[in-house]
Amino acid sequence: MTSAIMKRRSIRKFTAEKVPADSAMRIVEAGAAAPSAMNRRPVRFILLDKAAMAALAERIDQKGPFLEGQWAIAVCGDRRGYGPGSGWLEDCAAAMENMLIAATELGLGSLWYGVYARAAKEPPVREFLKLPDEVEVCGIAVIGHAAEEKEPHRGVDSSILHIGCWKE
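Predicted model only: the values in this text are computed from it and were never measured. For every chain, the first residue of the written sequence is number 1, and numbering continues from 1 onward in sequence order. Where local features are concerned, this predicted model is filtered to residues with pLDDT of at least 70; where side-chain atom pairs are given and counted, the filter is 80 or more; whole-chain, interface and lining totals use all residues. Side-chain metrics in this entry use all non-hydrogen atoms of the structure; hydrogen atoms and water are not considered.

Student: How would you summarise the layout of surface pockets if you had to cite specific residues and measurements?
Tutor: Roughly 310 Å³ of volume is contained in the largest pocket. Grid points spaced at 1 Å over the protein atoms alone were grouped into cavities, where a 1.4 Å probe fits but cannot get out, and pockets, open sets with protein on both sides within 12 Å along at least five of seven lines, with lining residues defined by an atom within 4 Å of a point. Around the largest pocket, the lining comprises 16 residues; the ones closest to its centre are Lys7, Ile11, Ala146, Glu148 and Lys150. Here the nonpolar group is Ala, Val, Leu, Ile, Met, Phe, Trp, Tyr, Cys and Pro; Asp, Glu, Lys and Arg are the charged ones; every other residue, Gly included, is treated as polar. Per-class residue counts for the lining of the largest pocket are four nonpolar, five polar and seven charged. Grid points are joined across faces, edges and corners, and a volume is the space filled by probe spheres set on the points.

Student: I'd love a proper account of the side chain of Ser36, names of residues and values included.
Tutor: Mapped onto the elements of the fold, Ser36 is located in the loop between α2 (21-32) and β1 (43-48). Each residue is placed in one exposure class: buried if its accessible area under a 1.4 Å probe, protein chains only, is under 20% of its type's maximum, exposed if it is over 50%, and partly exposed if it falls in between. Classification of Ser36 by relative accessible area gives buried; the value is 15%. Working rule for contacts: check all heavy atoms of both residues, and any pair within 4.5 Å makes them a contact. When residues no more than four places from it in sequence are discounted, the contact partners of Ser36 are Arg41, Pro42 and Asp91. The way it works is that DSSP assigns letters per residue, a run of H or I at least four long becomes a helix, a run of E at least two long becomes a strand, and they are numbered from the N terminus.

Student: Requested: an account of the UniProt feature "domain: Nitroreductase" (unreviewed entry) in the protein chain, with residues and values cited.
Tutor: Sequence positions flagged by UniProt for "domain: Nitroreductase" (unreviewed entry) are, in local numbering, residues 5-62 and 89-145. Strand forms 10% of residues 5-62 and helix 40%; the C-alpha atoms that close the span are 25 Å apart. Measuring from the first to the last C-alpha atom of residues 89-145 gives 28 Å, for a span that is 44% helix and 28% strand. UniProt positions are given in the numbering used here, feature names are shortened, and annotations may be inferred rather than shown by experiment.

Student: Report on helix α5 (residues 88-105), specifying residues and quantitative values.
Tutor: A helix is expected to reach a length of 1.5 Å times the quantity of its residues less one. Compared with the 26 Å implied by 1.5 Å per residue over 18 residues, the 26 Å span of α5 between its first and last C-alpha is a close match. Among the residues of α5, Trp88, Asp91, Cys92, Ala95, Met96, Met99, Leu100, Ile101, Ala102, Ala103 and Thr104 are the ones counted as buried. Residues of α5 that are buried in the fold lie against α1 (3-7), α2, β1, β2 (71-78), β3 (109-114) and β4 (135-144). Immediately beyond the C-terminal end of α5, within one or two residues, lies Gly107, with a positive phi of roughly 80 degrees.

Student: If you had to explain helix α6 (residues 122-129) to someone new, which residues and values would you point to?
Tutor: Counting buried positions along α6 gives six out of eight residues, so the element sits mostly inside the fold. Among all positions of α6, only Glu122, Pro124, Val125, Arg126, Phe128 and Leu129 are buried. Lining the buried residues of α6 we find β1, α3 (50-57), β2, β3 and β4. Directly after α6, the chain includes Lys130, whose backbone phi takes a positive value near 55 degrees.

Student: Which residues make up the side chain of Glu122, and what are the values?
Tutor: Looking at where Glu122 falls in the secondary structure, it is placed in helix α6. A residue counts as positive if it is Lys or Arg and as negative if it is Asp or Glu; His and the chain ends are not included. Any Lys or Arg side-chain nitrogen found within 4 Å of a carboxyl oxygen on Asp or Glu counts as a salt bridge. For Glu122, which is buried and forms no salt bridge, the nearest opposite charge comes from Arg126, at a distance of 4.8 Å. Beyond its immediate stretch of four places on either side in the chain, Glu122 contacts Val115, Tyr116, Ala117 and Glu136.

Student: Can you tell me about the pattern of salt bridges, naming the residues and giving the values?
Tutor: In this structure the tally under the stated criterion is five salt bridges. The residue Glu151 makes a salt bridge to Arg154 at a minimum N-O spacing of 3.5 Å. Here the residues in one salt-bridge network are Arg79, Arg126 and Glu136, joined through shared partners.

Student: I'd like a description of the packing of aromatic side chains, backed by residues and values.
Tutor: Only centres within 6.5 Å qualify two rings of Phe, Tyr or Trp (six-membered ring in Trp) as a pair; their planes then separate them into stacked at under 30 degrees, edge-to-face at over 60, and tilted for everything else. Tallied over the full model, the rule gives two aromatic pairs. For the pair Phe66 and Tyr113, a centre-to-centre distance of 5.0 Å together with 85 degrees between the ring planes defines the contact as edge-to-face. Of this pair, Phe66 sits in helix α4 (residues 64-68) while Tyr113 sits in strand β3; the two residues are 47 residues apart in sequence, bridging distant segments of the chain. Exposure class is identical for Phe66 and Tyr113. Each is buried. Judged by centre distance (5.2 Å) and plane angle (85 degrees), the rings of Trp88 and Tyr116 are edge-to-face. Placement of Trp88 in helix α5 and of Tyr116 in the loop between β3 and α6 is noted, with a sequence separation of 28 residues between them. The partly exposed category is assigned to Tyr116, whose relative accessible area is 31%.

Here's what the structure looks like:
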C-alpha cells in the first residue's frame, strides 16, 4: 500500500510558499486518470489560481483555505447524456481522491471542499464557476504547502469493520 494514501490528511492551513503550475497540472493529470464507469469520462476540471481563489473566498463561509492555498481545482461532472442514477458522481469522487493522493505524493497538503448537495455551498460556487445547468460540482481540491502537521492514518478501527454481513 502506498504511503501517500496513509499520509493524506485534510489540511486547512497553508503556508505562503508557491506551488508551481506544473505541479497543479500533474495533480489534474492524476484526477483525469481516475476510473470512470463504462469509460464515459464525465469529469471536468476548473483550475483556479490565487486571484480566482480570493474572489471565490468572498462568496463562501470557509474562506481560510482558499485565501491561503496556492491552487484550487473544481471537480465537476458533465451530466449531459446521462440518465438518472448514472456514475458521474462516483467518477468525480474517484478523480478527487486521485488528486488528493497525488498532492500528498508531491509533498503538498490538500483539502476536499465538498460542494455537491450542500445548500449553503452549492449556489455561490455554481454561480462563481458559471456552470451550465447540466454540470454539477462535486467539490474543490485546495492545494498548497501544509502549515499544519497531522499523523498518518494507521490500521482499521474494528468498530467500522464487519465480516460477511452487518452485525450490531
